[in-house]
Amino acid sequence: MKTRASCFGTAPFSFERHVFGPGGHLREALNCLLAAQSSRNFAPASWRRRYSVSQSVARLRTNQDAIARNSSLLLEAIGTAYDRIEAERERNCWIYLRPREEALEECHRLVARARTGENLPLLGIPFGVKDNIDVEGMPTTAACPAFSYTPWHSAHSVERLTAAGAICLGKTNLDQFATGLSGARSPHGPCASVADARYVAGGSSSGSAVAVAAGHVAFALGTDTGGSGRIPAGFNNIVGIKPTLGLVSSRGLVPNCPTIDCVSVFCNSVSDGEAILDIIEGFDFEDPYSRLPRTFFPADGAASSFRFGRIASADLECFGMPECGELYERACERFAHLGGTAIEVDFAPFRQAGELMFSGPWVAERHAAIASLMDVQSGSLLDVTRTVLGTAAGYSAIDTFAAIHRLHRLRRDAEAIFSGIDALVVPTAPRPFTLEEMDRDPITLNNRLGYYSYFANLLDLCGVAIPNATLPDGMPMGVTLLAPAWHDRALIGLARRFEAGADGAAFELKSST
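Not measured: the values here are computed from a predicted model.

Within the protein one finds 20 helices and 11 strands. Counting the 513 residues in the protein, one finds 58% classified as buried. For the protein, the share of sequence-separated contacts (at least 6 apart) that also reach a separation of at least 24 residues comes to 80%. Accessible surface computed for the protein: about 19300 Å², of which carbon and sulfur atoms make up 53%.

Below, the structure is given as structure tokens:
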């Protein structure tokens, strides 16, 4: 029988007051000022009200006072999470697990604070963090034990979540140094899809996706450079939100390709993801890659009609598994039934931009980032990680500038395409591969997984990966909505319309058998 362990809710709160109130660091005050200036310049008051964290959380959560009076329910949910984790160690989704007693004590402290009237919108919600994102007092390894260090401060995104009352249970597995899309490149063992243990979970944020899909936590943070926040969602039947670059601070993130890295969110529903994004987003002066929005796009996907780009059937690439293409066709039909008008787009600019990721000089940025942290020629790295990084030596500065110039041309081509559509719908991945197949040919098959994802950050797009349908053997295949930077909320609104069966309580642990 399926069971649910619910993590309960809160009253509305003002995020700005909670995080940036009296006593805040001077730099945080500056961040607040800049964010406020941004809002005055770009966001209509009606839009700010529609997407304020207070309304998102109020819509999703029950009353915090009731939870504070019945703390046993929160403690029970934390206990359920630990019971599941301990019973499913073979999933390999955790690298470090916080002691159960410590998490329960934290829950008691949070309840005590809530009883004094403090607003904690994520009171007692258990979450996981990919192990290339810092959490105070927990080792950060990036799946490379020799690299391990214990940070004094959490990443900016983690700080915001814990300030809102969420409880981090530990650090999740990943492709080493976030170099991969399979979830099978870790010294801690591969992560398989929760739906079918023969298949890869997708990476590099494999552990975070599996932890959510298995009901270990209510949500988890991952990262996304070339698809790591989307592909694991697609192969585990959950939601993955890849924000606009710079919308969420990358401070406290072990760099991979710093110019195109971003923090991502894995969750069970689009509404959960929206609420988490509301909390972790915001300009961070201390992060050189953080950006103030050029503009806001208030559309919430509720319009009765919209235009969506789709790949022509003849251009679909499923690498020998045509049934995956059939599921994509069904998704496009469903968008049409929701009021969408399908417009076939030229996929060539997106494909060519993606090729720059896996066969272009951006691997040199990855090499430079990791080499600044440790010796990439040492025996500490997995052979496949070292092999990938070793290709960086084949690119010169001339090659790099030529690729940058080519990318700017492709960005202009993409802009022209998006001028005629509200969102682009693509398969989250072309097809799944088994762990055995990935072991035999780890580089070729890894790059095939990124066929529909590699280009997104290079072209400065935001994305939402959502469940779609399953193959005859039960393996999930998702689709991803993509749009230009700062259209995050428009995509979320459209994704919510497509979403089916998301009628459980907010931030519930996923059902398990």
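Now that the structure has been shown, we can carry on.
The next point concerns the confidence of the model for the protein. Per-residue confidence for the protein gives a mean pLDDT of 87, with 84% of residues at or over 70. Under a pLDDT of 50 for its full length, residues 1-60 has, in the predicted model, 125 contacts with residues more than four places off or in other chains.

All right, on to the nonpolar core then. With 134 residues, the main nonpolar core has Leu-161, Phe-219 and Phe-350 as its most contacted residues. In contact with Leu-161, not counting residues within four places along its chain, are Leu-122, Phe-127, Ala-166, Phe-219, Leu-221, Ile-276, Ile-279 and Ile-280. Counting 10 residues, the second-largest nonpolar core is a separate cluster that includes Phe-147, Ile-370, Met-374 and Leu-381.

Omega for the peptide link from Gly-203 to Ser-204 comes to 0°, which places this bond in the cis form. Mapped onto the elements, Ser-204 comes out in the loop between strand 3 (167-172) and helix 9 (206-213). Positive phi outside glycine occurs at Ala-178, with the angle close to 60°. With respect to the helices, strands and loops of the structure, Ala-178 is situated in the loop between strand 3 and helix 9.

Before going further, it helps to spend a moment on the packing of aromatic side chains. Inspection of the entire model under this criterion finds 17 aromatic pairs. Aromatic side chains Phe-308 and Phe-335 sit 5.6 Å apart centroid to centroid with 40° between the ring planes, which places their arrangement in the tilted category. On the criterion of sequence distance, the pair formed by Phe-308 in strand 7 (residues 306-311) and Phe-335 in helix 12 (residues 322-337) is long-range, its members being 27 residues apart. Taken as a pair, Phe-308 and Phe-335 share a single burial class, namely buried. Here a set of aromatic residues connected by ring pairs shows up, and it is made of Phe-319, Phe-347, Phe-350, Phe-418, Tyr-451, Tyr-452 and Phe-455.

On to the pairing of strand 7, then. Counted residue by residue, strand 7 has five buried out of six residues, so it is predominantly covered. Of the pairings in the sheet, the one linking strand 7 to strand 8 (residues 340-345) comprises six bridges and is parallel in character. By the bridge assignment, Phe-306 is partnered in strand 8 with Gly-340. Note: strand 7 against strand 9 (residues 423-427), two bridges, orientation parallel. By the bridge assignment, Phe-308 is partnered in strand 9 with Ala-423.

Our next topic: the packing of helix 8 (residues 156-163) against helix 11 (residues 270-280). As a packed pair, helix 8 and helix 11 sit with axes 8 Å apart at the nearest point and diverge in direction by 110°. Between helix 8 and helix 11, the angle falls in the class roughly perpendicular. Within the contact between the two elements, helix 8 uses Ser-157, Arg-160 and Leu-161 and helix 11 uses Ile-276, Ile-279 and Ile-280. Classifying every residue of the contact of helix 8 with helix 11 by side-chain character gives four nonpolar, one polar and one charged.

Attention now moves to the pattern of salt bridges. If you walk through the whole model with that rule in mind, you get 23 salt bridges. In this structure, the salt-bridge partner of Arg-100 is Asp-83, at a minimum N-O distance of 2.9 Å. Of this pair, Arg-100 sits in helix 7 (residues 100-115) while Asp-83 sits in helix 6 (residues 71-87), placing them 17 residues apart in sequence. Judged by relative accessible area, which is 21%, Arg-100 ranks as partly exposed. Arg-113 is the partner of Glu-118 in a salt bridge, and the nearest nitrogen-oxygen pair spans 2.7 Å. Classification of Glu-118 as partly exposed rests on a relative accessible area of 25%. Bridged by salt links that share partners, the residues Asp-83, Glu-86 and Arg-100 form one connected network.

Each strand in a sheet pairs with its neighbour through backbone hydrogen bonds, running either in the same direction (parallel) or in the opposite one (antiparallel). Taking strand neighbours across the sheet as the criterion, the 11 strands line up as 1-3-2-4-6-5-10-11-9-7-8 in an open arrangement whose pairing is mixed. Of all strands in the sheet, those with a lone pairing partner are strand 1 (94-97) and strand 8, marking the two edges. Pairs of neighbouring strands in the sheet enclose a mean axial angle of 30°, with direction left out of account. Note: strand 4 (residues 219-224) against strand 6 (residues 262-267), six bridges, orientation antiparallel. Note on strand 6: the bridge partner recorded for Leu-221 is Val-265.

What counts, and where the lines are drawn
- Residues numbered from 1 in each chain as written.
- Predicted model: local features only at pLDDT ≥ 70, side-chain atom pairs only at ≥ 80, totals over all residues.
- Heavy atoms only, no water.
- Helix = DSSP H or I, 4+ residues; strand = E, 2+ residues; numbered from the N terminus.
- Buried < 20%, exposed > 50% of the residue type's maximum accessible area, 1.4 Å probe, protein only.
- Contact = heavy atoms within 4.5 Å.
- Areas by Shrake-Rupley, 256 points an atom, 1.4 Å probe, with all protein chains shown as cover.
- pLDDT = per-residue confidence, 0-100.
- Core = buried A, V, L, I, M, F, W, Y, C linked by side-chain atoms within 4.5 Å.
- Phe/Tyr/Trp six-rings, centres within 6.5 Å; stacked < 30°, edge-to-face > 60°.
- Pairing = 2+ DSSP bridges.
- Axes fitted to C-alpha atoms, helices over the stretch in contact; angles between N-to-C directions.
- Parallel < 35°, antiparallel > 145°, perpendicular 65-115°, else oblique.
- Nonpolar A, V, L, I, M, F, W, Y, C, P; charged D, E, K, R; others polar.
- Salt bridge = Lys/Arg side-chain N within 4 Å of Asp/Glu carboxyl O.

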